[in-house]
Amino acid sequence: LPVPVLILALVATMAAILLNKTIYGRYLLALGNNEEAARFSGINTNRMTTLAYVICSLLAGLGGLLFVLDTNSAQPVDFGNFYELFAIAAAVLGGCNLRGGSGTIIGVIIGTALIQLLRNMITLVDEIPQNIEYAVIGAVILAGALGDEIAKRVIAARRGAA
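Source: prediction; values computed, not measured. (Residues numbered from 1 in each chain as written. Predicted model: local features only at pLDDT ≥ 70, side-chain atom pairs only at ≥ 80, totals over all residues. Heavy atoms only, no water.)

**Overview of the packing of aromatic side chains**
Consideration 1: Counted by the stated rule, this structure contains 2 aromatic pairs.
Consideration 2: Ring centres 6.4 Å apart and planes at 90° place the aromatic pair Tyr24 and Tyr27 in the edge-to-face group. Highlighted residues: Tyr24 and Tyr27, both in helix H2 (residues 23–33), separated by 3 residues, approximately one helical turn.
Consideration 3: Ring geometry for Phe86 versus Tyr134: centroids 6.1 Å apart, planes at 35°, classification tilted. Here Phe86 is found in helix H5 (residues 83–93), whereas its partner Tyr134 is found in helix H7 (residues 133–161), with 48 residues between them in sequence.
Consideration 4: Taking relative accessible area as the criterion, Tyr134 reaches 34% and is therefore assigned partly exposed.
Consideration 5: Between Arg119 and the ring centre of Phe86, over which it is positioned, the NZ or CZ distance is 4.2 Å. (Phe/Tyr/Trp six-rings, centres within 6.5 Å; stacked < 30°, edge-to-face > 60°. Helix = DSSP H or I, 4+ residues; strand = E, 2+ residues; numbered from the N terminus. Buried < 20%, exposed > 50% of the residue type's maximum accessible area, 1.4 Å probe, protein only. Lys NZ or Arg CZ within 6 Å of the ring centre and 35° of its normal.)

**Re helix H4 (residues 45–71)**
Consideration 1: For H4, which comprises 27 residues, the first-to-last C-alpha distance of 38 Å matches the rise-based estimate of 39 Å (1.5 Å per residue) to within 8%.
Consideration 2: Immediately beyond the C-terminal end of H4, within one or two residues, lies Asn72, with a positive phi of roughly 55°. (Expected span 1.5 Å × (residues − 1).)

**As for the pattern of salt bridges**
Consideration 1: Under the criterion given, the structure shown has 2 salt bridges.
Consideration 2: In this structure, the salt-bridge partner of Arg39 is Glu35, at a minimum N-O distance of 3.3 Å. Here Arg39 and its partner Glu35 are both found in helix H3 (residues 35–40), 4 residues apart, which amounts to about one turn of the helix.
Consideration 3: Put simply, Arg153 and Glu149 hold a salt bridge, and the shortest N to O gap is 3.4 Å. Remark: Glu149 and Arg153 occur in helix H7; sequence separation between them is 4 residues, near one turn of the helix.
Consideration 4: The exposure class assigned to Arg153 is exposed, which follows from its relative accessible area of 58%. (Salt bridge = Lys/Arg side-chain N within 4 Å of Asp/Glu carboxyl O.)

**Brief notes about H2**
Consideration 1: Residues Gly25, Leu28 and Leu31 constitute the buried set of H2. Looking down the long axis of H2, one finds its buried residues gathered within 125° of arc, a one-sided arrangement.
Consideration 2: On its buried face, H2 sits against helix H1 (3–21), H3 and H4. (Arc of directions from axis to C-beta. Contact = heavy atoms within 4.5 Å.)

Have a look at this one:
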């Protein structure tokens, strides 16, 4: 197994333990769901927001380090274009709500694998021009967001009818 896969497994395990087994993980999920409600329930939202940014920055630094080690180059002009689009698309495909407060680590990993599969398919299929890769992934994000919203409305309607 490549070392980045082992690092992914380690980080995913630590993130799953943090989010599901600790009080700080519950606080982060509550903060993502509704910041005002989290504040009213006694959570120090400023501290938890800072913790979320620190964790995000550490993992972004780790990802950047792995990327530089993979490409053997560190030119900021050439790399990192539209990676935020891929990250959002992977999270949406993995089941995370765009409004926050829900989602799983394994879902994000599956969504990331699907985005990479989609990128490889766009590269390998000759009929799809390479320059519309971002449009296809944007359409996937849109479809995921619409599907999430429709599913929530159907569930809410069923609960209201019952």
